[in-house]
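# Structure at a glance
Residues per chain are reported as follows:
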Amino acid sequence: MPVIRKILPTELPLYRAHLLRLDRADRYARFAGTVSDESLERHCAAIDWGRTTLIGAFLNGELRAALELCGDRILWPDEAEFGVSVEKELQGRGIGSTLIRRALTVARNRSIGRVHMLCLAENVRMRALARRFGGSIAMEYGEITARFDLPSPNQFSFALEALEDGSGAVNSILASFSSNQDRRAAA
């Protein structure tokens, strides 16, 4: 089972490597269009960590799935959007669900009242995830827009985020110990 946790700004190279590993179809699904390696490099270089939270799924220390939650307090004072990418080998295992659930908690705790997700009409998995988490879905020009209206934060949502952050940190440490032991046993 992968370790799910927030991605730190110092881990940007891991995010870039993850996006570059996506095949053409998964890139198309994530960015709603054809995206070159150079475009992905520019996308990563332009991430504003002051308004973006990245949540990732790490398998054996390697980032294999990610959710990018981005808001702009000037343009959208109480709104944000997210995009999800899961590498082929991990698709269909509930990782996208976990990333979305965590992102909605993070957004709620930042007093974001509405989160948007765009996906292509043929992206059946993302449409199903949007419905699972109560998103209202609208279709326009071959794209689906899902809108999630979030309640105000409360003690439970703050505690949940803190618990998940702590759990992610501990699980990362345990995973690194385990992988070090596996390397020593193989040597």
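Please refer to the structure placed before this passage.
Residues numbered from 1 in each chain as written. Predicted model: local features only at pLDDT ≥ 70, side-chain atom pairs only at ≥ 80, totals over all residues. Heavy atoms only, no water.

### Focus on the pairing of strand E7 (residues 143-149)
Every second residue of E7 is oriented toward a common face, the buried set being Ile144, Ala146 and Phe148 and the non-buried set Glu143, Thr145, Arg147 and Asp149. Examined bridge by bridge, strand E5 (residues 114-120) and E7 share 7 bridges and lie antiparallel to one another. Within E7, the position partnered with Met117 by the bridge is Ala146. Where strand E6 (residues 136-140) meets E7, 5 bridges bridge the pair, whose relative direction is antiparallel. Bridge pairing in E7 places Ser136 opposite Arg147. Counting the residues between successive antiparallel strands, the hairpin from E6 to E7 contains 2 residues, one of them, Tyr141, with a positive phi of roughly 55°. (Buried < 20%, exposed > 50% of the residue type's maximum accessible area, 1.4 Å probe, protein only. Helix = DSSP H or I, 4+ residues; strand = E, 2+ residues; numbered from the N terminus. Pairing = 2+ DSSP bridges.)

### Some points on the environment of Phe58
Relative to the helices and strands, Phe58 is located in strand E2 (residues 52-59). With 63 residues separating them along the chain, Phe58 and Ala121 place their C-alpha atoms 28 Å apart. Those residues in contact with Phe58 that sit more than four places away from it in its chain are Pro2, Val3, Arg5, Ile7, Glu11, Leu14 and Leu63. (Contact = heavy atoms within 4.5 Å.)

### Comments concerning helix H5 (residues 124-132)
Those residues of H5 that fall on the buried side of the exposure criterion are Met126, Leu129 and Ala130. Down the axis, H5 shows its buried residues gathered within 100° of arc, on one side only. Facing away from the buried surface of H5 by more than 90 degrees, the exposed residues are Val124 and Arg132. Among the structural elements, strand E4 (76-86), helix H4 (95-109), E5, E6 and E7 are those in contact with the buried residues of H5. Of the residues trailing H5, Gly134 is marked for its positive phi of about 80°. (Arc of directions from axis to C-beta.)

In short, geometric facts, not functional conclusions.
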